[in-house]
Amino acid sequence: MCGIAGWINWSEDISRQQSILRDMTGAIEHRGPDADGFWFSPRAVFGHRRLIVIDPKGGLQPMLHEQGDQTLALTYNGEIYNFLELKKELEGRGHSFRTQSDTEVLLHSYMEWGEECVDHLNGIFAFAIWDEKRQKLFLGRDHLGVKPLFYAQRGNSIIFGSELKVLLAHPDIQPEVDKQGLAEVFALGPMRTPGVGVFKDVKEVRAGHSITFTSNQTKVRQYWKLESKEHTDTVEETAEKIQALLKDTVNRQLIADLPLVSMLSGGLDSSGLTALAGKDYKEAGKILHTYSIDFANSAEHFQTDLLHLGLDEPWVKRVSEHVGTEHHSTVLGANDLLDNFLKPMYARDLPGLGEMETSLYLLFREMKKDATVALSGESADEVFSGYPWFHQDEFLNGTTFPWRQSRGYFSNILSEEATRSIQPEAYADRRYQEALAEVPALKGESEIGAKQRRMSYQFITRFLPFMLDRKDRMSMAVGFEVRVPFCDYRLVEYLWNVPWEVKSVDNIEKGILRRALKGYLPDDVRNRRKSAYPTAQDPVYFGGIKNWLLDIVNDSNAPVNSLVDASKIKAIAEGKTGISEGQATKLMEYLIHVNTWLKDYQIKLV
């Protein structure tokens, strides 16, 4: 994993603007702490920060191919999981290789197939290729959007990078936010509309898309999308197909030249991946190390809710002993969370979800001490339709994004003036209708099946990107790579057409995954009901967040106060509304992030 940065200008010689490119690349040093690299030409300059995972000596970037009057330059972030097969195929087509890296395979894939190279890739990737002869920039992003890629056009320039901070380091891009950006923050945040970068005229390459830029044309291509068709496999055949896909995916994603470990929460998803990876490790005579997170006094403070049904640690121990892993548990206290509370906001360059992200950042920081790569069970709930929302009428019949139904109060705390200006409800409705219009319908599908398909599409294309952003920024903030096997596009497109009644076979969420993992996990683990990522319920943490926000509300210079109704904020912080303590904490966390973002990024509202 790495970080990329670049700048194209079709009308000026930018080869001497080295300090600007170094500032852009230096802004993401955390993504690639092992090395940096630069390439300069009159019209294109590329920067790269490297986190070494495969081929330490051969994978240096930016990587060039020079032959005759042709020069191709590549800067790339990610892993191509089928690079060995691609390399063999390309060798059969006459290509020769100097390294053992997937980077060189990607470059030769472009040489062979041009812009259609993305059609041949299986992996997580964001990359840029400059074709010197054709004066053409090509950007590509993986199927599900695991790896980030932002860009902006300013005059005759295209400026791009792995994170928003890369773009903000360029003098042509100012930290300006318009009404649309504010609507993203308050009507949808911390989720985002695909392709929208919140900052004014900053965009994101959408998942499953590529973009080709020339001096007079921009061509966007969607190379992968979900296609609806009738699912004809039996339940048994479906479970077998899922098991085969997962075994192949995990096997591919265990390739690394540096230590690889696995996250383990004790839930079905991470436990299943741990069991599959642990079996491969055992056969190779190795022991898999696993990692989990817990909170001080969690048993004392734990309260059940819709997504949290029980403590994880007893199940973590159960799975670790069954698989034979060497387990490490990171225990966090309220002060650990408060002291590092703003780290995720700086990692995302946008307001986020508070302690849920802080704890993840701290877990990755601990894991980085022992390893460079980890497997994660992220995205299983989205692609297997594992959330309670998929079978509850109030959500299936809702008129907005299901997660927003329980977070809509975020926009209700705006001042009257800000509400008139931003119009958060109208904005959210427009984005919701856009999402529904994209759903590929299945002719003849039942009414309930169509509703569940629409729900699934929302989660895969709107909610999952937020989860993947969170995973990427929190891990890469400490120079740590996290792989997500459940995001293998082959699995996602297969599951897209598996009906919900098959996914929930045996009258339990993700029942089909439980069947697929039979023989790999003990039955009590396979049949454990879903319990979401653990959250801190410590009153000390709640008190710290409450006092922090009240200090902001009472500060006449705090920028967020120009946008919110202070009396509503105080009432929520002091528990004088109908909002639960958990909901109030999430809102307060978010507003602290928003205020710090506005202030520290010197946001100008336009």
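Residues numbered from 1 in each chain as written. Predicted model: local features only at pLDDT ≥ 70, side-chain atom pairs only at ≥ 80, totals over all residues. Heavy atoms only, no water.

A. Local environment of the side chain of Ser320. Looking at where Ser320 falls in the secondary structure, it is placed in helix H9 (residues 313-323). Owing to a relative accessible area of 8%, Ser320 belongs among the buried residues under this scheme. (Helix = DSSP H or I, 4+ residues; strand = E, 2+ residues; numbered from the N terminus. Buried < 20%, exposed > 50% of the residue type's maximum accessible area, 1.4 Å probe, protein only.)

B. Seen up close, the pattern of salt bridges. Enumeration according to the criterion identifies 48 salt bridges in this entry. For Asp349, the salt bridge is made with Lys165, and the minimal N-O distance between the two is 3.0 Å. Here the residue Asp349 occupies a position in the loop between helix H11 (343-348) and helix H12 (355-368), and Lys165 occupies one in helix H4 (residues 164-168), the gap between them amounting to 184 residues. Judged on exposure class, the residue Asp349 and its partner Lys165 are both buried. The salt bridge involving Glu438 is made with Arg462; its shortest N-O contact spans 2.9 Å. Separated by 24 residues along the polypeptide, Glu438 in helix H17 (residues 424-438) and Arg462 in helix H18 (residues 447-476) bring together distant segments of the chain. (Salt bridge = Lys/Arg side-chain N within 4 Å of Asp/Glu carboxyl O.)

C. Spatial organisation of the nonpolar core. In terms of nonpolar packing, the biggest core is built from 180 residues, with Phe127, Leu144, Phe186, Ile242, Phe384 and Trp597 touching the most fellow members. If sequence neighbours within four positions are ignored, Phe127 has contacts with Ile4, Leu74, Thr75, Tyr76, Leu106, Cys117, Val118, Leu121, Phe138, Leu139, Gly140 and Leu149. In this structure, Trp39, Ala73, Val205 and Phe213 belong to the second largest nonpolar core, which totals 19 residues. (Core = buried A, V, L, I, M, F, W, Y, C linked by side-chain atoms within 4.5 Å. Contact = heavy atoms within 4.5 Å.)

D. Molecular detail of unusual backbone geometry. With an omega of -5 degrees, the peptide bond running from Gln61 to Pro62 counts as cis. Along the chain, Pro62 falls in the loop between strand S3 (44-50) and strand S4 (63-67). A cis geometry characterises the amide bond from Gly189 onward to Pro190, with omega recorded as 5 degrees. The backbone phi angle of Asp349 is positive, close to 65 degrees, even though this residue is not glycine. Positive phi, close to 55 degrees, is recorded for Lys510, a residue that is not glycine. With respect to the helices and strands, the residue Lys510 is situated in the loop between helix H20 (500-503) and helix H21 (511-516).

E. Highlighting helix H2 (residues 83-92). Among all positions of H2, only Phe83, Leu86, Lys87 and Leu90 are buried. Seen end-on, H2 carries its buried residues on one side only, within an arc spanning 100 degrees. Exposed residues pointing more than 90 degrees away from the buried face of H2 are listed as Lys88 and Gly92. Buried residues along H2 sit against strand S5 (70-80) and helix H3 (102-113). Where H2 ends, the next residue or the one after it, Gly94, has phi of about 100 degrees, a positive value. (Arc of directions from axis to C-beta.)

F. Up close: the packing of helix H23 (residues 539-553) against helix H24 (residues 566-573). The interhelical angle for the contact between H23 and H24, taken along N-to-C directions, is 160 degrees, at an axis separation of 10 Å. With respect to each other, H23 and H24 are oriented roughly antiparallel. The hand of the H23/H24 crossing is left-handed. Taken together, the residues of H24 that come into contact with H23 (itself represented by Lys546, Leu549, Leu550 and Val553) are Ala566, Ile569, Lys570 and Ala573. For the contact of H23 with H24, the per-class residue count stands at six nonpolar, no polar and two charged. (Axes fitted to C-alpha atoms, helices over the stretch in contact; angles between N-to-C directions. Parallel < 35°, antiparallel > 145°, perpendicular 65-115°, else oblique. Left-handed = near helix turned anticlockwise from the far one by under 90°. Nonpolar A, V, L, I, M, F, W, Y, C, P; charged D, E, K, R; others polar.)

That is the geometry; function is a separate question.
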